[in-house]
Amino acid sequence: MIEVILVDESDMPVGRMEKLAVHQQGLLHRAISVYVFNDHQELLLQRRAVGKYHAGGQWSNTCCGHPFPGEDTQEAAMRRLYQEMGMACALHESFELSYRLDVGGGLIEHELAHVFIGHSNVVPQLNSEEADAFAYHPLEEIIEQMALEPERFTPWFRLCLPKVIERLG
């Protein structure tokens, strides 16, 4: 059973709970979201594995997930990058973002996400249980595709990407 950290609006822990139950009840919990860019300023995207319990088959940011109870967000971001994409690089926390999004199937992502940005030219070695494809794309191309076919992208990625772009200057 995987537990996540329940938090208040100030990111103070208020408990822990099983991950699926948290998403079924739409409870606010701590999350991490990672954006890795290459030397050409292209963002590394992943297509979530079709078998994921939500948003399967949709394109999203490099990786995301939840810190374990007792794990800090930096450690969680590094762990998830390796678990999902089979790679490691330096990551720095850029900002936090809170959102509540219906992700279908009766599930709600109500997260306070710590957003990390990194740089790498590594070719990922995907964990097929997490992601079934990857691609590096220019930001302009991603924004254009999101406008044309938003359903191809995860709801949290559509919400977060403009804020990442703002931070990049």
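Residues numbered from 1 in each chain as written. Predicted model: local features only at pLDDT ≥ 70, side-chain atom pairs only at ≥ 80, totals over all residues. Heavy atoms only, no water.

## Observations concerning helix 3 (residues 139-148)
Rules: Note on exposure labels: buried denotes an accessible area under 20% of the residue type's maximum, exposed denotes more than 50%, and partly exposed covers the range between, all computed with a 1.4 Å probe on protein chains only. Under the DSSP-based scheme used, a helix requires at least four consecutive residues in state H or I and a strand at least two consecutive residues in state E, with every element numbered from the N terminus. Each C-beta atom gives one direction from the helix axis, and the arc is the one those directions make. Contacts are assigned to residue pairs with any non-hydrogen atoms lying within 4.5 Å of each other.
Among the residues making up helix 3, those that are buried are Leu-139, Ile-142 and Met-146. Summarising the axial view, the buried residues of helix 3 lie within an arc of 60°, below the 170-degree limit, and thus occupy one face. Turned more than 90 degrees off the buried face of helix 3, the exposed positions are Glu-140, Glu-144, Ala-147 and Leu-148. For helix 3, the secondary structure elements touched by its buried residues are strand 3 (29-37), strand 4 (42-48), strand 9 (131-138) and helix 4 (155-168).

## What to know about the packing of aromatic side chains
This is how the line gets drawn: The aromatic pairing rule takes the rings of Phe, Tyr and Trp, using the six-membered ring of Trp, and pairs them if the centres are within 6.5 Å, calling planes under 30 degrees apart stacked, those over 60 edge-to-face and the rest tilted. As a reminder, the over-ring test applies to NZ of lysine and CZ of arginine, requiring each to be within 6 Å of the ring centre and within 35 degrees of the ring normal.
Counted under the stated rule, the structure contains 2 aromatic pairs. Note on Phe-153 and Phe-157: the rings are 6.1 Å apart at their centroids and 40° apart in plane angle, and the pair reads as tilted. When its relative accessible area of 4% is taken as the criterion, Phe-153 is described as buried. Relative accessible area serves as the criterion here: at 0%, Phe-157 is assigned to the buried category. Among the aromatic residues, those joined into a ring-pair cluster are Tyr-35, Phe-153 and Phe-157. Looking at Arg-79, its charged tip hangs above the ring of Phe-68, at a distance of 3.8 Å from the centre. The ring of Phe-95 carries the charged tip of Arg-167 above its face, separated from the ring centre by 4.4 Å.

## Points about the pattern of salt bridges
One side chain can pair with another of opposite charge once the charged atoms of both are near each other. Put simply, the rule reads: The working definition used for a salt bridge is a side-chain nitrogen of Lys or Arg within 4 Å of a carboxyl oxygen of Asp or Glu.
The full count for this structure, using the stated rule, is 9 salt bridges. In this structure, Arg-16 and Glu-3 form a salt bridge, with 3.5 Å as the shortest nitrogen-oxygen distance. Within this pair, whereas Arg-16 is found in strand 2 (residues 13-18), its partner Glu-3 is found in strand 1 (residues 3-7), the two being separated by 13 residues in sequence. A residue is classified by how much of its surface remains accessible, and Arg-16, at 53% relative accessible area, is exposed. Its salt-bridge partner being Glu-84, residue Arg-80 comes within 2.7 Å of it at the nearest N-O pair. One end of the pair, Arg-80, and the other, Glu-84, are both in helix 2 (residues 73-85), 4 residues apart, so they sit about a helical turn from each other. This pair shows no difference in class: Arg-80 is buried, exactly as Glu-84 is. One continuous salt-bridge network, built from bridges that share partners, spans Lys-52, Arg-80, Glu-84 and Glu-130.

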